[in-house]
Amino acid sequence: MAEKVEVRATSLPRAWRLGFLYAAVFLVGGCYLPYLPVWLHWRELTADQIAVLLATPPFARIVLRRLSASPPTGQEAAGRS
């Protein structure tokens, strides 16, 4: 009878996997972001329109986070007054 051999799948540690994820995300952004204003200008957008278009996502992120935050209640509200 053959011996049973236990095979363990070794995976990368969590830090390495997270590092690869961040590398992939920033690699994609780093590849298209420098050329996006050039492409938008080629599509006949003015400099002001390009500025507004590129500033909208961070601004919306700030506003939406602020709107989605719940107001303080109970002891939190008492501590702020």
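None of the values given here were measured: they were computed from a predicted structure. (Residues numbered from 1 in each chain as written. Predicted model: local features only at pLDDT ≥ 70, side-chain atom pairs only at ≥ 80, totals over all residues. Heavy atoms only, no water.)

A. Looking closely at the packing of aromatic side chains. For the structure on display, the rule yields two aromatic pairs. Ring plane angle 40° and centroid distance 6.1 Å describe the contact between W16 and F20, whose orientation is recorded as tilted. Here W16 and its partner F20 are both found in helix α1 (residues 14-32), four residues apart, which amounts to about one turn of the helix. Taking relative accessible area as the criterion, W16 reaches 53% and is therefore assigned exposed. Ring geometry for Y22 against F26: centres 6.1 Å apart, planes inclined by 15°, an arrangement best described as stacked. Residue Y22 and its partner F26 are located together in helix α1, separated by four residues, close to a single helical turn. Judged by relative accessible area, F26 falls into the exposed class, the value being 58%. (Phe/Tyr/Trp six-rings, centres within 6.5 Å; stacked < 30°, edge-to-face > 60°. Helix = DSSP H or I, 4+ residues; strand = E, 2+ residues; numbered from the N terminus. Buried < 20%, exposed > 50% of the residue type's maximum accessible area, 1.4 Å probe, protein only.)

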